Amino acid sequence: MIMPFYDFQCLVCGKHARLQFSYSEYGKVQAVCPHCQSQEMKRRISRVAVAKSEEARLGNMMDADLSGLDENDPQSLGRFMRKMGQEMGEDMGDEFNEVVGRLEKGESPESIEQSMPDLAGGVDLPSDV
Ligand SMILES: [Zn+2]
């Protein structure tokens, strides 16, 4: 089973910890600081190298470059989505490409959604399958 690493920062002692959860465990299992046993652990967004697998790739993708993402900046969002599409390694379809293109031109997501009523959540991040 693939066990991706997740980076945390302890809010009590301030130390960093790299904990390993399976993809399905993550979010359900309480992270515990290995230094002081505190459960006040804050997830750190970082690029984490894990083995190649569909799960791991998804995990990686969610970690990748979220720090540079400004959800209020359409161009930032567009760049992020384009990168996400590339990491998926598959054709995301014309709608996706159109949305990304329009975001990159600075159009607001709301305006794009209104002009594409069929979108219905199509621009959401991929969720757990
Ligand atoms: Zn601690």
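Residues numbered from 1 in each chain as written. Predicted model: local features only at pLDDT ≥ 70, side-chain atom pairs only at ≥ 80, totals over all residues.

Draft legend 1. Up close: the overall build of the chain. Check the secondary structure of the chain and you find four helices and three strands. In sequence order, the chain lays out its α and β elements as β-β-β-α-α-α-α. Split into buried and exposed, the 129 residues of the chain put 11% on the buried side. Counting contacts in the chain only where the partners sit at least 6 residues apart, residues at least 24 apart contribute 46% of the total. (Helix = DSSP H or I, 4+ residues; strand = E, 2+ residues; numbered from the N terminus. Buried ≥ 20, exposed ≤ 12 C-beta atoms within 10 Å, placed from the backbone. Contact = placed C-beta atoms within 7 Å.)

Draft legend 2. Spotlight on helix α2 (residues 74-88). Relative to the 21 Å expected for 15 residues at 1.5 Å per residue, α2 spans 21 Å between its end C-alpha atoms, a close match to the ideal helical length. When we look at burial in α2, the residues that qualify are Pro74, Leu77, Gly78, Phe80 and Met81. Mapping the buried residues of α2 onto a view down its axis gives an arc of 165 degrees, with all of them on the same face. Looking one or two residues past α2, Gly89 carries a phi angle of roughly 70 degrees, positive in sign. (Expected span 1.5 Å × (residues − 1). Arc of directions from axis to C-beta.)

Draft legend 3. How the structure looks around the nonpolar core. Ranked by size, the top nonpolar core spans six residues in total: Leu77, Phe80, Met81, Val99, Val100 and Leu103. Mapped onto this core, the elements with two or more residues apiece are α2 and α3 (94-104). Contacts of Leu103, omitting those with residues within four sequence positions, involve Pro74, Gln75, Leu77, Gly78, Met81, Pro109 and Ile112. (Core = buried A, V, L, I, M, F, W, Y, C linked by C-beta atoms within 7 Å.)

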